There are 2 protein chains.
Amino acid sequence: MGGMNGQQETSIGVDMGGTSIKFAVVRGEKIIAKGEPVQTKECGSPDAVIAAVGERLRALREQYPDVRAVGMGLPGFVNHAAGVVDSLTNVPGWYDVPIRRILEEESGLPAAVENDANCMALAEWKLGAGRGMQDIVCLTLGTGVGAGIIAQGQLLRGHLGAAGELGQVGIDYRGRIGHYGNRGAVEDYIGNGELALEAQMRYATELGVHKPIDELTPIHLEDAAKGGCPVALGIWDDAARKLSACLLACHYILNPQAFIIGGGIAKAGKLLFDSLRGYLKAQIYPAHYEKLQILPAQFGGEAGIIGAALLALEDLAATR
Amino acid sequence: MGGMNGQQETSIGVDMGGTSIKFAVVRGEKIIAKGEPVQTKECGSPDAVIAAVGERLRALREQYPDVRAVGMGLPGFVNHAAGVVDSLTNVPGWYDVPIRRILEEESGLPAAVENDANCMALAEWKLGAGRGMQDIVCLTLGTGVGAGIIAQGQLLRGHLGAAGELGQVGIDYRGRIGHYGNRGAVEDYIGNGELALEAQMRYATELGVHKPIDELTPIHLEDAAKGGCPVALGIWDDAARKLSACLLACHYILNPQAFIIGGGIAKAGKLLFDSLRGYLKAQIYPAHYEKLQILPAQFGGEAGIIGAALLALEDLAATR
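Just so we're clear, the structure is a prediction, and the values are computed from it rather than from any experiment.

## Overview of the overall build of chain A
Link 1 in the chain: When you go through chain A residue by residue, the secondary structure sums to 11 helices and 13 strands.
Link 2 in the chain: On C-alpha atoms alone, chain A measures out to a radius of gyration of 20 Å, which is about the 20 Å that the 2.2 N^0.38 rule sets for 320 residues.
Link 3 in the chain: Dimensions of chain A, computed from C-alpha atoms along their principal axes, come out at roughly 60 × 45 × 35 Å.
Link 4 in the chain: Counting across all 320 residues of chain A, residues that qualify as buried make up 57%.
Link 5 in the chain: At a minimum sequence separation of 6, the contacts of chain A that also span at least 24 residues come to 60%.
Link 6 in the chain: Measuring between centres, the 28 positive side-chain charges of chain A sit 4 Å from its 36 negative side-chain charges.

As structure tokens, this is what we get:
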């Protein structure tokens, strides 16, 4: 059984991505077991997905009877207070799903639900790079831009649970039209796919070389840049410039102590971080820039699942 | 003497602007007396300004012996927790001034200090258009763009007390270089002066008319637009488009329940608000736009002074 201290208690974290749903049993700060993932496309309808999730939860609970609660992160608009998925960005058919109630019925455990990037931010804040801070912005840069914000020692949810949608922040008011009709969303400029397309175009026009898109992933572009390739160096610098515009909006609105950055694009490491620091330094009041940290995320792909498990225990403690 | 309820207690609010400092005695929700303003330029040095402020405070305290505390709003970076002015935007010589301690010494009263726009936001939140809400963004549009944010039922201050600098939020990552080296700050596109210059240029090029700058204030442009002038209508639509880009960044980062807008430019009223609603509606997820309010501020020029007086009593209550 769990001890008096919430850190020692056991819970299940569930992390839903675009293609699969992952499960883990988390005790203290560690993943002690993983469940078999659910492949969402194989299931088809939301109902079939939920049935498969319920099955996994019951199996894990049987194996780990000291599990106290279950938390789930989902990729889209999740209203934590209501326990409802409003809509998911890249998963069709999920509208107004009372997911918390369903999880509770399926598992027999108290449940909590959140946006997946908010779960990631919780993990980095409670156990990772943002430990002990009160004001942080956590980003994950990959296919899209996900983020979660801690403001004044609380996860920032906003009026409808939709705060922290950093990927939608505009960097050009006359720019291309994005997912919600919004102009110049940063996500439309610096996702993996955008970087690859931009690199392909530059290789063709600047060096007269045709490169297939699948040889232009962040890892390829990182290697090329490290080898001194001017196109790849230009791509990273340009990505840093555009990302900095989004972070500057966060800085001037939120005044955080740190930006914590993870995900595939962040793996470019020193390349991206050095450029980013340069653009931020040039555009922030010096005394404020001095006290701003730009840090790599500590957790990798497991931040979401750990954060969901933490959230489950937090919410449980709050209702006791 | 003040009653048990903070709303009935009396405090002094001080509001520092670019040219003068205003004083009022506030009881409950009302201004019951005003002090003679201090003209900052006549004083010269910060020390002389502070001496004049101290004199006014002692005079008001003598007249109103039930005054319990003093609060002051200042136009720039104010660290509320430390009680220090880091720097003021348009008032030279104010760097690292321990203004709270000075106010306490000069007045013999407990003191609190804040950014002036944060004071305005406090007034609109506690007593004005944002009453009862948990998540609001309050803007004042004039020479510059000032703002204060209430997030999850708290004034959002951030790590160094510099949150809510909406005027510095960029709307174009390749745009003009602003006050802190930052690109495309919205304030550099929609201040009174910018609107006048833009209007002057358009009158000349589109209608072949030369208009002096002082006939192109927000009030003139509002009248012209109401009269159907295409140049003035275009100016307001363009201002709304640019302002919407800044509000969209706030929406996606903070997910507020309402934007509350005051100041000289906001006096264009229906013209500006209708255009603004159109641009926001087109760029926000419909279910979220439906629940977003765009409201005129309830207080006029007195919001800052009332908010400063409220802050003084809030901080006093917190230390009891």
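## Side note on the domain arrangement of chain A
All names here are of chain A.
Link 1 in the chain: If you check the domain split of chain A, you get domain 1 (6-122 + 301-319) and domain 2 (131-296).
Link 2 in the chain: The straight-line distance from the C-alpha centre of domain 1 to that of domain 2 is 27 Å.
Link 3 in the chain: Counting residues at the interface gives 15 residues for domain 1, matched by 16 residues for domain 2.
Link 4 in the chain: For the domain 1 and domain 2 pair, buried surface summed over both sides reaches about 1,200 Å², with 55% attributable to carbon and sulfur atoms.
Link 5 in the chain: Interface area lost by domain 1 to domain 2 is led by F77, N118 and A121, which between them contribute 39%.
Link 6 in the chain: For E29, the salt bridge identified is with R131, shortest N-O distance 2.9 Å.
Link 7 in the chain: Connecting domain 1 to domain 2 are three residue pairs in polar contact (both at pLDDT 80 or more).
Link 8 in the chain: Elements supplying a minimum of two residues to the side of domain 1 that touches domain 2: β5 (76-79), β8 (111-115) and α4 (116-126).
Link 9 in the chain: It is α4 that contributes the most residues to the side of domain 1 that touches domain 2, five residues altogether.

## A look at the side chain of A:H288
Link 1 in the chain: For A:H288, the location among the structural elements is in helix α10 (residues 286-289).
Link 2 in the chain: With residues near it in sequence (within four places) discarded, A:H288 still touches A:H251, B:F77, B:D86, B:L160 and B:A162.

## Some details on the relation of the copies chain A and chain B
Link 1 in the chain: Once turned by 180° and shifted 0.0 Å along the axis, chain A lies on chain B with an RMSD of 0.0 Å. Classification of the inter-copy transformation places it as that of a two-fold axis. Relative to the rotation axis, the C-alpha of A:D172 is the closest in chain A, positioned 2.1 Å from it.

## Notes on the packing of aromatic side chains
Link 1 in the chain: Applying the stated criterion across every chain yields a total of eight aromatic pairs over all chains.
Link 2 in the chain: Between A:Y180 and B:Y252 the ring centres are 6.3 Å apart and the planes differ by 25°, which places this aromatic pair in the stacked class. You can see A:Y180 sitting in the loop between β11 (154-155) and α5 (187-190) and its partner B:Y252 sitting in helix α8 (residues 230-254), one on each of two chains. The burial state of A:Y180 is the same as that of B:Y252; both residues are buried.
Link 3 in the chain: Relative to B:Y180, the ring of B:F77 lies with its centre 5.8 Å away and its plane at 40°, an arrangement referred to as tilted. Of this pair, B:F77 sits in strand β5 (residues 76-79) while B:Y180 sits in the loop between β11 (154-155) and α5 (187-190), and the two are 103 residues apart along the sequence. No difference in accessibility class separates B:F77 from B:Y180, as the two residues are buried.

## Here's the deal with the pattern of salt bridges
Residue and element names in this part refer to chain A.
Link 1 in the chain: Applying the stated criterion to the full structure yields 34 salt bridges over all chains.
Link 2 in the chain: Across the salt bridge formed by K34 and E302, the nearest N and O atoms sit 2.7 Å from each other. Of this pair, K34 sits in strand β3 (residues 30-39) while E302 sits in the loop between β13 (293-296) and α11 (303-319); the two residues are 268 residues apart in sequence, bridging distant segments of the chain.
Link 3 in the chain: Given the relative accessible area of 58%, K34 is considered exposed.
Link 4 in the chain: Between E105 and R101 there is a salt bridge, with its nearest N and O atoms 3.4 Å apart. Of this pair, E105 and R101 both sit in helix α3 (residues 99-107), four residues apart, which is roughly one turn of that helix.
Link 5 in the chain: Here the residues in one salt-bridge network are E198, R202, D238 and K242, joined through shared partners.

## Description of the interface of chain A and chain B
Link 1 in the chain: Across the boundary between the two partners, chain A contributes 49 residues, which contact 49 residues of chain B.
Link 2 in the chain: On the chain A side of the interface with chain B, the three residues burying the most area are A:Y173, A:Y252 and A:I253, jointly 20% of the side's total.
Link 3 in the chain: Applying the counting rule to chain A against chain B returns two salt bridges.
Link 4 in the chain: We note a salt bridge from B:D172 to A:R174, for which the minimum N-O separation is 3.4 Å.
Link 5 in the chain: Summed over the shared surface of chain A and chain B, the result is 30 residue pairs in polar contact (both at pLDDT 80 or more).
Link 6 in the chain: At the level of elements, β6 (84-88), β10 (145-151), β11 and α8 (230-254) of chain A are the ones that each hand at least two residues to the side of chain A that touches chain B.

## Quick notes on the packing of α8(B) against helix α9 (residues 270-281) of chain B
Residues and elements named next belong to chain B.
Link 1 in the chain: Relative orientation of the contacting elements α8 and α9 amounts to 50°, with a least axis distance of 8 Å. Put simply, α8 runs oblique to α9. Relative to α9, the crossing made by α8 is right-handed. On the side of α8, the interface is formed by L233, W236, D237, A240, R241, L243, S244, L247 and L248, while α9 contributes L271, L272, S275, L276, Y279 and L280.
Link 2 in the chain: When grouped by side-chain class, the residues that make up the contact of α8 with α9 number 11 nonpolar, two polar and two charged.

## Some points on α8(B)
Every α-helix carries 3.6 residues per turn, so stepping three or four residues along brings you back to the same face.
Residues and elements named next belong to chain B.
Link 1 in the chain: With 25 residues, α8 ought to run about 36 Å at 1.5 Å a step, and its terminal C-alpha atoms sit 35 Å apart, in line with that.
Link 2 in the chain: Summarising burial for α8: 20 of the 25 residues are buried, a large majority.
Link 3 in the chain: Count one or two residues on from α8 and you reach N255, which has phi positive near 50°.

## A word on the sheet that holds strand β8 (residues 111-115) of chain B
Residues and elements named next belong to chain B.
Link 1 in the chain: Taking strand neighbours across the sheet as the criterion, the five strands line up as β3-β2-β1-β4-β8 in an open arrangement whose pairing is mixed. The open sheet is flanked by β3 (30-39) and β8, the only strands paired with a single partner. In this sheet, adjacent strand axes meet at a mean angle of 20° when their direction is disregarded.
Link 2 in the chain: Bridging between strand β1 (residues 10-16) and strand β4 (residues 67-74) involves six bridges; their strand directions are parallel. Opposite G13, over in β4, you have G71 as the bridge partner.
Link 3 in the chain: Taken strand by strand, helix α4 (residues 116-126) contacts β1, β4 and β8, and its axis lies near 100° from that of β8.
Link 4 in the chain: Sheet contacts for helix α11 (residues 303-319): β1, β2 (20-27), β3, β4 and β8; angle to β1, the most-contacted strand, approximately 130°.

## Some points on the side chain of A:Q200
Residues and elements named next belong to chain A.
Link 1 in the chain: With respect to the helices and strands, Q200 occurs in helix α6 (residues 192-207).
Link 2 in the chain: For Q200, a relative accessible area of 19% translates into the label buried.
Link 3 in the chain: Once residues within four sequence positions are removed from consideration, Q200 is found in contact with H210, K211, P212, I213 and L216.

Conventions used here
Residue numbers run consecutively from 1 along every chain, following the written order of its sequence. Note on labels: chains are lettered from A, ligands numbered from 1, in written order. Side-chain atom pairs in this predicted model are given and counted only at pLDDT of 80 or more, local residue features only at pLDDT of at least 70, and totals for whole chains, interfaces and linings cover all residues. To obtain the side-chain values, all non-hydrogen atoms of the structure were included, while hydrogens and water were left out. Secondary structure elements are defined from DSSP: runs of H or I of at least 4 residues count as helices, runs of E of at least 2 residues count as strands, and each element is numbered from the N terminus. As defined in this context, the radius of gyration uses C-alpha atoms, and a globule is described by 2.2 Å times the residue total to the power 0.38. In this scheme, a residue with accessible area under 20% of its type's maximum is buried, one over 50% is exposed, and one in between is partly exposed, where area comes from a 1.4 Å probe on protein chains only. Here, two residues are considered to be in contact whenever any of their heavy atoms come within 4.5 Å of each other. Neither His nor the chain termini are counted; the positive set is Lys and Arg, and the negative set is Asp and Glu. Every charge is mapped to an atom, namely NZ of Lys, CZ of Arg, CG of Asp or CD of Glu. All domain edges in this entry derive from an automatic or database-based domain assignment. The term buried area denotes the loss of accessible surface (1.4 Å probe radius) that occurs when two parts are joined, taken as the sum for both partners. Salt bridge, as used here: a side-chain nitrogen of Lys or Arg that lies within 4 Å of a carboxyl oxygen of Asp or Glu. The definition of a polar contact used here is a pair of N or O atoms within 3.5 Å, where within protein one atom must be able to donate a hydrogen and the other to accept one, and adjacent residues in sequence count solely through side-chain atom pairs. Only residues with pLDDT of at least 70 in both copies count here: their C-alpha atoms drive the least-squares fit that superposes the copies. Classification of ring pairs uses Phe, Tyr and Trp, with its six-membered ring standing for Trp, and accepts pairs whose centres are within 6.5 Å; under 30 degrees between planes counts as stacked, over 60 as edge-to-face, and the remaining range as tilted. What counts as an axis is a line fitted to C-alpha atoms, over the stretch in contact for a helix, and the angles between N-to-C directions run from 0 to 180 degrees. Any angle between 65 and 115 degrees counts as roughly perpendicular, while under 35 counts as roughly parallel, over 145 as roughly antiparallel, and the rest as oblique. Whether a crossing is left-handed or right-handed is set by the direction in which the near helix is turned from the far one by less than a right angle, anticlockwise for left-handed and clockwise for right-handed. Here the term charged refers only to Asp, Glu, Lys and Arg, the term nonpolar to Ala, Val, Leu, Ile, Met, Phe, Trp, Tyr, Cys and Pro, and the term polar to all other amino acids, Gly among them. In a helix, the anticipated span is given by 1.5 Å times the number of residues less one. Pairing between strands requires that DSSP locate at least two bridges from one strand to the other.

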